[in-house]
Amino acid sequence: MTQTHNPHFEKRVRKFLERQHFMHLIGFDLQVIEEGRTEGWLTVEEKHQQQKGYAHGGLIATLADITAGFAAYTLVPEDQHVVTAEIKVSYFLPAIGQKLHAIGWVLKQGRKINFCEAEVWDVIEEEGKEPRRRLVAKATTSMATVFPQ
């Protein structure tokens, strides 16, 4: 069971997101911020694709990293932060959808390390059909707590 040490975590995360320049550069929007869980969306553009037209693996890893990291960030006290200590991404399918949906959560909260997971789904939209969702990647991460100096 995860437990926040900051009851104002959502406001704190939203304020911190203003300074997430790389996230804004790629166009990722973190929309859901809950205790120990976040999720967001990205509309895939040509700049996000590799040479075969799939969403780039580095983009997918970035979305997993952001959602897992902010999930951990919701749980730490006001004077602490988190950074990625380790990430492993397993890719299941090439991401060919028009959108990517990333979800991150804390599996086990620790004082110094939060163990997290994230999933990245692509959403394939075809005219006249319901959007199709596919799990394209799953990540496991260790998010290290950064204590005040």
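Residues numbered from 1 in each chain as written. Predicted model: local features only at pLDDT ≥ 70, side-chain atom pairs only at ≥ 80, totals over all residues. Heavy atoms only, no water.

Visitor: What is the right way to read the overall build of the protein from this model?
Guide: The number of helices and strands found in the protein is 3 helices and 6 strands. Ordered by position from the N terminus, the helices and strands of the protein form the series α-α-β-β-α-β-β-β-β. On C-alpha atoms alone, the protein measures out to a radius of gyration of 15 Å, which is about the 15 Å that the 2.2 N^0.38 rule sets for 149 residues. The dimensions of the protein, computed from C-alpha atoms along their principal axes, are 50 × 25 × 25 Å. (Helix = DSSP H or I, 4+ residues; strand = E, 2+ residues; numbered from the N terminus. Rg over C-alpha atoms; globule rule 2.2 N^0.38 Å.)

Visitor: Honestly, the pattern of salt bridges in this entry has me stumped. Any pointers?
Guide: Any two side chains of opposite charge can pair, so long as their charged atoms come close to each other. Across all of its chains, the model carries 8 salt bridges by this definition. As a salt-bridge pair, Glu45 and Lys47 come within 3.9 Å of each other at their nearest N and O atoms. Classification of Lys47 by relative accessible area gives exposed; the value is 57%. The partner of Glu117 in a salt bridge is Lys138, and the shortest N-O contact between them spans 3.4 Å. With Glu117 in strand S5 (residues 113-124) and Lys138 in strand S6 (residues 132-146), this residue pair connects regions lying 21 residues apart in the sequence. Using a relative accessible area of 15% as the deciding quantity, one classes Glu117 as buried. In this structure Lys138 comes out as partly exposed when scored by relative accessible area, which is 24%. (Salt bridge = Lys/Arg side-chain N within 4 Å of Asp/Glu carboxyl O. Buried < 20%, exposed > 50% of the residue type's maximum accessible area, 1.4 Å probe, protein only.)

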